[in-house]
Amino acid sequence: MLKILKYSTYDLLRSRWAYLYLAFFLLFSGGLLFLSGDVSKVVISLMNVILILCPLIATMFGVMYYYNSREFTELLLAQPIRRRTIFLGQYLGLAISLSVSLVLGIGIPFIAYGILRGPEIWNFFTLISNGVLLTFIFSGLAFLIGLKNENKIRGFGMAIVLWLFFAVVYDGLFLLSLILFKEYPLEGFSLAATVLNPIDLSRIMILLKLDISALMGYTGAVFQKFLGTALGMGLSLLTLALWTGLPVWAIQQVAKRKDF
Amino acid sequence: MIEFKNIEKAFGKNEVLQGIDLRFTQTGRISAVLGPNGSGKTTLIKSLLGMVLPDEGSIEVNGQPIRREWAYRNQIDYLPQIARFPENLRVAELLRMIKDIRGGASRDEELINRFGLQPFLDKRLGTLSGGTKQKVNLTLALMYDSPIVILDEPTSGLDPVAMIQLKELIRQEKAHGKMVLITTHIMSFVEEMADEIVFLLDGKIYFRGSVAEIKTQHQAEGLEEAIAGILKGQLSATARTVAEPKSALQSIMSHLQTA
């Protein structure tokens, strides 16, 4: 699998997109850091960008990469290699190269700023690891969409809908239901609703870590109140791990039964 | 040895393979799998490679069932029908990559020389002509020197020089005791090269035997006529069995399209 991983990473790093993505984060986080100088504020601004952008890029890039590498996949399928190896290798190659762009793009400015010596290092670490987790989750989901849909246009459409749903529509529906059912106790519901969306979950994780109740939405308050910081973090991590693992498992199941 | 046992495969409502029983036991022999478009040739070959998973039946290579296996593909050299490669890679990179991934001995130098590919080694695959792509495809497929060789439409896009080289190469493989399976629509190629013919029609084996046998059976001068005879016979049989004139016309039209 390492060889497949190597070649798909190599292939991705050759495309300009990976560098564009890196350059964007370098400029953005560097600019914010050196202009504002307040690490906490920068982490929060970056959080909002990462929560929207990482899933978007991972989903779109994921389906694009899947469809673009279809020829190569067919070539590999005729070779003495396990199917699982091919798809896991490609998925990991994609998720890892996107994550590398993200980590370097945000890491380099922060390290240049001297985050390693400051007390904010854990906030920074939470931010980055959430970005990486979201990248893994959404590239997995994108791969799954690609595998399930032979039709590229439909695949791209579904990918956009997937991102739009988790990044925008979900919160809208969530708020709407909170307003509609405001007479009822909604703590359990909002907790469950948050856990079911990896983007919301990441937001909660970062906010809980930053410990800034002023900026918390309703969901954050519920988490803070019911779970306390340690337990809340544990539960969030567990669910994010599930969100990361399930698409990978599903990729294997679909790939196992697919005709090429 | 390759054995197909009662293979059935449908894509949606389209039943491509309907109970194929086929054994290839002899080495040093060239078998041609023929049939009109959509008769299931490629599906049959892809199921041997595990790329298509049959709904029913089993396939064995050297006595081992291949379902969920992968190591057996070390025994097979496979030339896909349509040469599709990652467009932004260079020829040399692609060859190096597949060699690295698959490992083991390789005779790519010999094949590159044979097909005159040296001037193209540094070109990107997306910029190559159809024929040159097919030569790369052949090099990629045959560089492993495996005991089973499967060629899906090997002649497509080749110029006469490359064609002669390909024939020579296939004869050489036969002489080295390999089992060669070819699908093609070029009947002269089959007449010249194949030791036996497997003729697929509507997902079943319609005929299996030598070129001479099919010719005498259908009282035809050449293989092309014999095959055309089979297809026409099939056509009139369909027309007879269909009572309604309108649907008979439709079925004739669809047969004309596939034939």
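Residues numbered from 1 in each chain as written. Chains lettered and ligands numbered in written order. Predicted model: local features only at pLDDT ≥ 70, side-chain atom pairs only at ≥ 80, totals over all residues.

Visitor: Can you break down the overall build of chain A residue by residue, with the values?
Guide: The number of helices and strands found in chain A is ten helices and zero strands. The C-alpha radius of gyration of chain A comes to 19 Å, within 12% of the 18 Å expected for a compact globule of 260 residues. With the principal axes as the frame, chain A shows a C-alpha extent of 55 × 50 × 30 Å. For chain A, the proportion of its 260 residues judged to be buried stands at 42%. Here the analysis covers contacts within chain A between residues at least 6 apart in sequence; of these, 81% occur between residues at least 24 apart. (Helix = DSSP H or I, 4+ residues; strand = E, 2+ residues; numbered from the N terminus. Rg over C-alpha atoms; globule rule 2.2 N^0.38 Å. Buried ≥ 20, exposed ≤ 12 C-beta atoms within 10 Å, placed from the backbone. Contact = placed C-beta atoms within 7 Å.)

Visitor: Which residues make up the sheet that holds strand β3 (residues 29-34) of chain B, and what are the values?
Guide: Residues and elements named next belong to chain B. Across the sheet, which stays open at both edges, the six strands sit in the order β6-β7-β8-β3-β9-β10 with mixed pairing between neighbours. Edge positions in the open sheet fall to β6 (76-79) and β10 (204-209), since each of these has one partner strand only. Each strand axis lies, on average, 15° off the axis of its neighbour in the sheet, ignoring direction. Bridge count between β3 and strand β9 (residues 196-201): four bridges; the pairing is parallel. Bridged to L34 within β9 is F199. (Pairing = 2+ DSSP bridges. Axes fitted to C-alpha atoms, helices over the stretch in contact; angles between N-to-C directions.)

Visitor: Could you give an account of the confidence of the model for chain B, naming the residues involved and the relevant values?
Guide: Residue and element names in this part refer to chain B. On average, residues of chain B score 83 in pLDDT, and 90% of them reach the 70 mark or higher. Helix α9 (residues 245-258) is the least confidently modelled element of chain B, averaging 60 in pLDDT, while strand β8 (residues 179-183) averages 91, the highest of any element. We note a pTM of 0.83 for the whole complex and an ipTM of 0.76 for its interfaces. (pLDDT = per-residue confidence, 0-100.)

Visitor: Describe in detail the sheet that holds strand β2 (residues 14-24) of chain B, supporting the description with residues and values.
Guide: Residue and element names in this part refer to chain B. Overall, antiparallel pairing links the four strands, which are arranged β2-β1-β4-β5 in an open sheet. One side of each edge strand has no neighbouring strand; the edge strands of this open sheet are β2 and β5 (64-65). Of the pairings in the sheet, the one linking strand β1 (residues 2-11) to strand β4 (residues 56-61) comprises five bridges and is antiparallel in character. Residue pairing in the sheet places E3 in a bridge with E60 of β4.

Visitor: Explain the domain arrangement of chain B residue by residue, including any values.
Guide: All names here are of chain B. Along its sequence, chain B is carved into domain 1 (27-47 + 68-209) and domain 2 (210-259). With 16 residues of domain 1 in contact, the opposing surface of domain 2 contributes twelve residues. Counting residues per element, the ones that place at least two in the side of domain 1 that touches domain 2 are α6 (187-193), β9 and β10. In terms of residue count, β9 provides more of the side of domain 1 that touches domain 2 than any other element does, four residues in total. (Domains from an automatic or database assignment.)

Visitor: Help me get a handle on the pairing of β9(B), residues and values and all.
Guide: Strand residues, when the strand is regular, have side chains that alternate between the two faces of the sheet. Residue and element names in this part refer to chain B. Pairing of β9 with β10, which is carried by five bridges, proceeds in the antiparallel orientation. Looking at β10, one finds that V198 is bridged to R208. Between β9 and the antiparallel strand that follows it, β10, lie two residues; D202 among them carries a positive phi value of about 50°.

Visitor: Give me the packing of helix α6 (residues 121-148) of chain A against helix α9 (residues 198-210) of chain A: which residues, what numbers.
Guide: Residues and elements named next belong to chain A. Two elements in contact, α6 and α9, have axes whose closest approach is 9 Å; the angle formed by their N-to-C orientations is 170°. Between α6 and α9, the angle falls in the class roughly antiparallel. Contacts from W122, N123, T126, L127, N130, L133, L134 and I137 in α6 reach P198, I199, S202, M205, I206, K209 and L210 in α9. Classifying every residue of the contact of α6 with α9 by side-chain character gives ten nonpolar, four polar and one charged. (Parallel < 35°, antiparallel > 145°, perpendicular 65-115°, else oblique. Nonpolar A, V, L, I, M, F, W, Y, C, P; charged D, E, K, R; others polar.)

Visitor: Account for unusual backbone geometry, with residues named and values stated.
Guide: Residues and elements named next belong to chain B. Phi is positive for N6, which is not a glycine, with a value near 45°. Summarising the element assignment, N6 is placed in strand β1. Under the C-beta neighbour-count criterion, N6 is labelled partly exposed, with 13 such atoms within 10 Å. Even without a glycine there, the phi angle at D202 is positive, about 50°. Position of D202 among the secondary structure elements: in the loop between β9 and β10. You can call D202 partly exposed: it has 18 C-beta atoms within 10 Å.

Visitor: Please provide a residue-by-residue account of helix α5 (residues 83-113) of chain A, values included.
Guide: Two residues of an α-helix separated by three or four positions point the same way, owing to the 3.6 residues in each turn. All names here are of chain A. Here α5 is 31 residues long and its end C-alpha atoms lie 45 Å apart, about the 45 Å a rise of 1.5 Å per residue gives. Considering bend angle alone, the principal kink of α5 is centred on G107 and spans about 30°; proline P109 follows within four residues of it. Positive phi shows up at G114, right after α5, with a value of about 100°. (Expected span 1.5 Å × (residues − 1). Bend = angle between axes of the 7 residues up to and from the residue.)

Visitor: So what's going on with the environment of N68(A)? Residues and values would help.
Guide: The residue N68(A) is located in helix α3 (residues 39-68) in this model. Spatially, the C-alpha atoms of N68(A) and P119(A) are 44 Å apart, while their sequence positions differ by 51 residues.

Visitor: Residues and numbers for the pairing of β6(B), please.
Guide: Residue and element names in this part refer to chain B. Because side chains alternate across β6, one face comprises the buried residues I76 and Y78, and the other comprises D77 and L79, equally buried. Two strands pair when backbone bridges link them, and β6 and strand β7 (residues 148-152) are joined in this way by four bridges, in the parallel orientation. Across the sheet, residue I76 finds its bridge partner in β7, namely I148.

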